[in-house]
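Report on the structure
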Amino acid sequence: MLSASSRRSPSAPASASAVPATRGSQNELPERVEALIIRLRGLVQTLSGFRDLANQFAAVDSTHSNSVSLAEFRDVVASAGMRLTPKESLSLVEYFSAGPDRIAYFDFISALRGVLSDRRIALIRQAFNFLDPERAGRVPFSLVRQRFNAPADPEVRCGRKTADQATDSFVRSWRGYYDEISATVTLDDFLDYYRDVSASCPSDEQFVQVLSQTFRIGSLERLVSEDRINELERSLIEKIWQKSARTYLVEHLRKTFKFFDKDNDGIVDFSEFCATVQTYGVYARREELQALFARYDRDFSHALDFNEFITALSLSTRHRQFFLGQV
């Protein structure tokens, strides 16, 4: 399947990661321009604001050159609620010049977004890895959308939007750079999306909260390391293997599944998973067990069916031969 980055509209601006950091870096802005950018950034208060701004510029960029005329620039920023004095306009034209009376608008947008700190990049990567437990480097957009936690959206919580409206906005914000919702989302796409989110979050604490609540990750900064998840997985599978007479025949797998499924409803929820893991003598913090459970909960249903369960047991390289050879 094509990734999101390979399905861009010809009229859409390139990813920020592809833009040279010659004028978009906040650290390199002249003082007068930096002060103006900080003021304008405060006016583009939401994620949709940043992406809508990019879309409006792209719509008037008939030459697909990532530049617009001064008149077009003034019209777009005015429609976004950013009023500029003639002196301010001149400062931006001089700094973001793309030729006589033209402004390189994507450099302007990059400056508005600001630079992602190393800490925020690490947090975004952690969140993506949470959605991509197999480390394939891409995830279906359908799962990203399914994982989206609309009730936690700040505009839903303050009553400005319904959960459905927040979900629509979330989907449209991904459409901002693409003709249609892409089949898959890559890590680069995810980073690009969260550059806009980051720009609308003044503090790291706010950014952590938004990122973790959006995808129901829990305490993002306490995300469990991959080594620890692997350690827990090896320990659990070893215990299950021992209690299954060291074989992975289907009947033993079904008995093991029923042992986890305490209420016999055909699925194993997180509470059942935690309780049963402890009976096997595997002890871990709640967030560690959440991380292990999330590795197996591929459809984000917060429960494991039998197929997900046996797939989880087959993930261990050490025991793969026993599972694949007999099931």
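Owing to the predicted nature of the structure, the values given are computational and were not obtained by experimental measurement.

Considering the overall build of the protein chain
Secondary structure summary: the protein chain contains 17 helices and six strands in total. Every one of the 327 residues in the protein chain was classed for burial, and the buried ones make up 47%. For the protein chain, contacts bridging at least 24 residues in sequence account for 70% of all contacts bridging at least 6. A total accessible area of about 15800 Å² is found for the protein chain, and carbon and sulfur atoms account for 50% of it.

What to know about the packing of helix α6 (residues 118–131) against helix α10 (residues 187–199)
Put simply, α6 and α10 touch, their axes get as near as 10 Å, and they point 130° apart. Relative to α10, the element α6 is oriented oblique. Two packed elements cross with a definite hand, and for α6 against α10 that hand is right-handed. Packed against α6, whose contacting residues are R120, I121, I124, R125, A127, F128 and L131, the element α10 presents L187, F190, L191, Y194 and S198 at the interface. The residue makeup of the contact of α6 with α10, split by class, is nine nonpolar, one polar and two charged.

Some words on the nonpolar core
Generally speaking, nonpolar side chains in soluble globular proteins are found buried as a group. Counting residues in each nonpolar core, the largest one holds 30 residues, and the members touching the most others are I124, V144, W174, F190, Y194, F207 and F215. Elements with a minimum of two residues in this core: α6, α7 (141–147), α9 (163–175), α10 and α11 (204–214). With six residues, α6 is the largest single contributor of residues to this core. Those residues within four positions of V144 in sequence are excluded, and the remaining contacts are L131, V139, F170, W174, V185 and F215. The next biggest cluster of nonpolar side chains, apart from the first, holds 29 residues, and it includes A54, V93, I109 and A199.

Some details on unusual backbone geometry
Of note in the backbone geometry, N66 takes a positive phi value of approximately 60° without being a glycine. Tracing the chain through its elements places N66 in the loop between α2 (47–60) and β1 (68–69). With relative accessibility at 25%, the residue N66 sits in the partly exposed group. A positive phi angle is found at D101, which is not glycine, with a value near 60°.

Points about helix α1 (residues 31–43)
Counted at 1.5 Å a residue, the expected span for α1 with its 13 residues is 18 Å, and the 19 Å between its end C-alpha atoms agrees. V33, L36, I37, L40 and R41 are the residues of α1 that are buried. The buried residues of α1 occupy one face: seen down the axis, they fall within an arc of 140°.

Overview of the packing of aromatic side chains
Taken as a whole and assessed by the stated rule, the structure comprises 23 aromatic pairs. Measuring from centroid to centroid gives 5.8 Å for F96 and F108, while their planes differ by 80°, and the two rings are edge-to-face. Pair noted here: F96 is in the loop between α4 (86–95) and β2 (102–103) and F108 is in helix α5 (residues 105–113), with a separation of twelve residues, a long-range link. Overall, the relative accessible area of 0% leaves F108 in the buried class. The structure contains a cluster of three or more aromatic residues connected by ring pairs, namely F257, F259, F260, F270, F273, Y280, F293, F306 and F309. In this arrangement the basic side chain of K262 is found over the ring face of F259, its NZ or CZ atom lying 4.2 Å from the centre.

Re α11
Where α11 is concerned, the buried positions are F207, V208, V210, L211, S212 and T214. At the exit of α11 stands R216, carrying a positive phi of roughly 55°.

Some details on the pattern of salt bridges
For the structure shown, the criterion picks out six salt bridges. The shortest N-O distance in the salt bridge between E231 and R228 comes to 3.2 Å. Separated by three residues within a single helix, E231 and R228 lie in helix α12 (residues 226–243), roughly one turn from each other. Taken together, the shared-partner salt bridges connect R228, E231, R285 and E288 into one network.

Some thoughts on the environment of A136
Mapped onto the secondary structure, A136 falls in the loop between α6 and β3 (138–140). Here A136 falls in the exposed class, since its relative accessible area comes to 53%. The sequence separation of A136 and T186 amounts to 50 residues, and the corresponding C-alpha distance is 9.0 Å.

Thoughts on the confidence of the model for the protein chain
Per-residue confidence for the protein chain gives a mean pLDDT of 75; residues scoring 70 or more make up 77%. Across residues 176–180, confidence stays below pLDDT 50; counting only partners more than four residues off in sequence or on other chains, it has 22 contacts.

Thoughts on the environment of K161
With respect to the helices and strands, K161 occurs in the loop between α8 (154–157) and α9. Setting aside its immediate chain neighbours within four residues, K161 contacts E155, V156, A166 and S169.

So, the environment of F148
Locating F148 in the fold gives a position in the loop between α7 and α8. Taking relative accessible area as the criterion, F148 reaches 9% and is therefore assigned buried. The residues contacting F148, other than those within four sequence positions of it, are D153, A166, T167, F170, T214, F215 and R216.

What counts and how
Residues numbered from 1 in each chain as written. Predicted model: local features only at pLDDT ≥ 70, side-chain atom pairs only at ≥ 80, totals over all residues. Heavy atoms only, no water. Helix = DSSP H or I, 4+ residues; strand = E, 2+ residues; numbered from the N terminus. Buried < 20%, exposed > 50% of the residue type's maximum accessible area, 1.4 Å probe, protein only. Contact = heavy atoms within 4.5 Å. Areas by Shrake-Rupley, 256 points an atom, 1.4 Å probe, with all protein chains shown as cover. Axes fitted to C-alpha atoms, helices over the stretch in contact; angles between N-to-C directions. Parallel < 35°, antiparallel > 145°, perpendicular 65-115°, else oblique. Left-handed = near helix turned anticlockwise from the far one by under 90°. Nonpolar A, V, L, I, M, F, W, Y, C, P; charged D, E, K, R; others polar. Core = buried A, V, L, I, M, F, W, Y, C linked by side-chain atoms within 4.5 Å. Expected span 1.5 Å × (residues − 1). Arc of directions from axis to C-beta. Phe/Tyr/Trp six-rings, centres within 6.5 Å; stacked < 30°, edge-to-face > 60°. Lys NZ or Arg CZ within 6 Å of the ring centre and 35° of its normal. Salt bridge = Lys/Arg side-chain N within 4 Å of Asp/Glu carboxyl O. pLDDT = per-residue confidence, 0-100.

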